2 protein chains.
Amino acid sequence: MARPGVPSKPGAASDASEGTRQALVGAAIEVLRTGGFHAASARRIADQAGCNQGLVFYHFGTVANLLLAALDAVSADRFERYSAAVAQAPSPAGLTDVAAAIFEEDLDSGHAKVLVELIAGSSAVPGLGAEVAARIEGWTDFAEGAISGSVDPVLLAATAPATEIAYGIVAMYLGLEMLSHLDGDRAKALALFGRARQLVALAGAMGILPDVKGDDPR
Amino acid sequence: MARPGVPSKPGAASDASEGTRQALVGAAIEVLRTGGFHAASARRIADQAGCNQGLVFYHFGTVANLLLAALDAVSADRFERYSAAVAQAPSPAGLTDVAAAIFEEDLDSGHAKVLVELIAGSSAVPGLGAEVAARIEGWTDFAEGAISGSVDPVLLAATAPATEIAYGIVAMYLGLEMLSHLDGDRAKALALFGRARQLVALAGAMGILPDVKGDDPR
DNA sequence: GTCTATACTTGGATAGAC
DNA sequence: GTCTATCCAAGTATAGAC
């Protein structure tokens, strides 16, 4: 957002600064989304933000730092959305539905691609991998919480701990995102969510899992 | 295989050419493995191969073409390995063991990373995505064949078609590869294979899956 | 077939004017 | 805080000498 004629008022200086920062973060998300890690250069991002290339380095020091800020921004956004959705569907069946809906949302909005591109691109910049890994941990923790909050502890003990399941869920999410983007077809991935839903219902009928819509047994 | 410079002399002379080609393909694999898509430039690959940068363009036209040749090379290699392993363990339980063993092999050898980097990097080069997608299809087809060859058709009909399961397996494989490389810890991924093995055994005991079909080797 | 040299482009990062 | 100008490194690709 170029503001050629806007003078910086005394005291409102941090407003303009914050505005530019946010514009850059938003632009970084957009570029990662559409062009991937490779396209996410300071010049392209600044173009997208409508500001100068040097501002990337002024505000973030390096391009990698800006990309991490972008990841944090989408993560915060999605975390709110996920939390609200999970809170309203604390049963295994409900969770499966929520997972499917959110997966499709992320596919549309491109939020998942930002994550995948940053993970794969981590090899490019020394130190980036560790930063990204720390942020992924937030998601596995979240998934773990959702699982242990909705699945009977006895069942978990009999099959697999929530930690392991959460790790698998996150991996599956990333893999499906990659494949869906690659062949531009989300139907196959969504079909899998449908199957999962079906199997959860089957398990419910067999008495292994709590019945659909049932309250949290605990 | 449209080569830019087809040797003008019939007969010999293609030995040296073929040697260089193979050196470049091997070097491309190595660079993708260790440095990712970002590092896979003509210069770095040629350095690794011990030859001149211009040869990349002489033999392959573009860097992207060389990377695809590298993907084909590792795919051919792994396809042989997978086929042999699957042939010796056609039961669901055996398949799970084979999958775990091969996943670890791929993690060590870096073959899986070559695939992941190319998928994620596809956004960088127009047209690359379609080429990579076509090659992934070979793997989903392979997985589908292995599944329908070892799981009871009746059970498949009751749960999910082999095509869908195969898609999910490939997605999971890619996701686990990404996460394992990211935090440099393969234990979590391998633990999941252990759980899968356990669940297959449980299903066998419940009579849902064949109890190690008559295949048991030796 | 292979190498050297080179043209052209893009990207990261800094300095200094406004 | 923001912009222009600039430096330097790295990349793709081609031409032409050996």
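The rules behind these values
- Residues numbered from 1 in each chain as written.
- Chains lettered and ligands numbered in written order.
- Predicted model: local features only at pLDDT ≥ 70, side-chain atom pairs only at ≥ 80, totals over all residues.
- Heavy atoms only, no water.
- Helix = DSSP H or I, 4+ residues; strand = E, 2+ residues; numbered from the N terminus.
- Buried < 20%, exposed > 50% of the residue type's maximum accessible area, 1.4 Å probe, protein only.
- Contact = heavy atoms within 4.5 Å.
- Areas by Shrake-Rupley, 256 points an atom, 1.4 Å probe, with all protein chains shown as cover.
- Near = heavy atom within 4 Å.
- Polar contact = N/O pair within 3.5 Å; in protein donor to acceptor, adjacent residues only side chain to side chain.
- Salt bridge = Lys/Arg side-chain N within 4 Å of Asp/Glu carboxyl O.
- Core = buried A, V, L, I, M, F, W, Y, C linked by side-chain atoms within 4.5 Å.
- Patch = residues over 30% accessible without salt bridge, like charges linked within 9 Å, V, L, I, M, F, W, Y side chains within 5 Å.
- Buried area = accessible area lost by both parts, 1.4 Å probe.
- Axes fitted to C-alpha atoms, helices over the stretch in contact; angles between N-to-C directions.
- Parallel < 35°, antiparallel > 145°, perpendicular 65-115°, else oblique.
- Left-handed = near helix turned anticlockwise from the far one by under 90°.
- Nonpolar A, V, L, I, M, F, W, Y, C, P; charged D, E, K, R; others polar.
- Least-squares fit on C-alpha atoms with pLDDT ≥ 70 in both.

Draft legend 1. Spatial organisation of the overall build of chain A. Per the secondary structure count, chain A includes 10 helices and 0 strands. In chain A, which comprises 218 residues, the share counted as buried stands at 45%. Considering only intrachain contacts with a sequence separation of at least 6, the fraction spanning at least 24 residues in chain A is 66%. Counting every atom, chain A has about 10,500 Å² of accessible surface; 58% of that belongs to carbon and sulfur.

Draft legend 2. The arrangement of the protein's contact with DNA strand D in detail. Taken together, the neighbourhood of DNA strand D is formed by 17 residues, with T20, N52 and Y58 of chain A together with A42 and R43 of chain B sitting nearest. Backbone sugar and phosphate groups make up 59% of those atoms of DNA strand D lying within 4 Å of the protein. Between a phosphate oxygen of DNA strand D and a side-chain N or O atom of S17 of chain A, the distance comes to 3.0 Å. A distance of 2.8 Å separates a phosphate oxygen of DNA strand D from a polar atom in the side chain of Y58 of chain A. Taken together, the elements giving at least two residues each to the surface near DNA strand D come down to α1 (13-39) and α3 (54-60) of chain A together with α2 (42-49) of chain B. When residues in the surface near DNA strand D are grouped by element, the largest group, 4 residues, is from α1 of chain A.

Draft legend 3. Geometry of the pattern of salt bridges. Enumeration over the complete set of coordinates arrives at 21 salt bridges over all chains. R195 of chain B is the partner of E164 of chain A in a salt bridge, and the nearest nitrogen-oxygen pair spans 2.7 Å. With one member in each of two chains, E164 of chain A in helix α9 (residues 162-183) and R195 of chain B in helix α10 (residues 187-205) form a pair that bridges those chains.

Draft legend 4. A look at the nonpolar core. Grouped together as the largest cluster of nonpolar side chains are 118 residues, with contacts concentrated most on I45 and L174 of chain A together with I45 and L174 of chain B. Ranked by the residues each element gives to this core, the list is headed by helix α4 (residues 63-87) of chain B, at 10 residues. Those residues in contact with L174 of chain A that sit more than four places away from it in its chain are L115, V116 and I119 of chain A together with G175, M178 and L179 of chain B.

Draft legend 5. Structural view of the environment of L176 of chain B. When you line up the elements, L176 of chain B lands in helix α9 (residues 162-183). Those residues in contact with L176 of chain B that lie beyond four places of it in its chain are Y167 and A171 of chain A together with F103, A189, L192 and F193 of chain B.

Draft legend 6. Broad picture of a nonpolar patch on the surface. Together, L199, L202, M206 and I208 of chain A together with L199, L202, M206 and I208 of chain B make up an exposed nonpolar region whose accessible area comes to about 710 Å². Elements that contribute at least two residues to the nonpolar patch include exactly α10 (187-205) of chain A together with α10 of chain B. Positionally, L202 of chain B belongs in helix α10. For L202 of chain B, a relative accessible area of 43% translates into the label partly exposed.

Draft legend 7. Molecular detail of the interface of chain A and chain B. Taken together, the contact pairs 42 residues of chain A with 42 residues of chain B. With both chains or domains summed, chain A and chain B bury close to 3,300 Å², and 73% of this area falls on carbon and sulfur atoms. The interface formed by chain A and chain B includes 8 residue pairs in polar contact (both at pLDDT 80 or more). Those elements giving two or more residues to the side of chain A that touches chain B turn out to be α1, α6 (111-121), α7 (128-148), α9 and α10 of chain A.

Draft legend 8. Highlighting the packing of helix α4 (residues 63-87) of chain A against α6 of chain A. Residue and element names in this part refer to chain A. Close contact between α4 and α6 brings their axes to 10 Å; oriented N to C, the two are set at 140°. Here α6 runs oblique to α4, going by the angle between their axes. For the pair α4 and α6, the sense of crossing is left-handed. Across the interface between the two elements, L67, L71, V74, D77 and R78 of α4 pack against H111, V114, L115 and L118 of α6. Class assignment of the residues belonging to the contact of α4 with α6 gives a composition of 6 nonpolar, 1 polar and 2 charged.

Draft legend 9. Representation of the relation of the copies chain A and chain B in the model. Screw-axis analysis of chain A against chain B gives a translation of 0.0 Å along the axis, an RMSD of 0.1 Å, and a rotation angle of 180°. Taken together, the rotation and translation describe the operation of a two-fold axis. A shared binding surface is used by both copies, with 100% of the interface residues of chain A retained as interface residues in chain B.

Draft legend 10. View of the protein's contact with DNA strand C. In the vicinity of DNA strand C, 19 residues are found, and the nearest of them are A42 and Q53 of chain A together with S17, T20 and N52 of chain B. In the interface set of DNA strand C, defined as its atoms within 4 Å of the protein, sugar plus phosphate atoms amount to 60%. Between DNA strand C and S41 of chain A there is a distance of 3.4 Å, counted from a phosphate oxygen to a side-chain nitrogen or oxygen. A distance of 2.4 Å separates a phosphate oxygen of DNA strand C from a polar atom in the side chain of T20 of chain B. The leading source of residues in the surface near DNA strand C is helix α1 (residues 14-39) of chain B, at 4 residues. In terms of residue class, the surface near DNA strand C is made up of 9 nonpolar, 8 polar and 2 charged.

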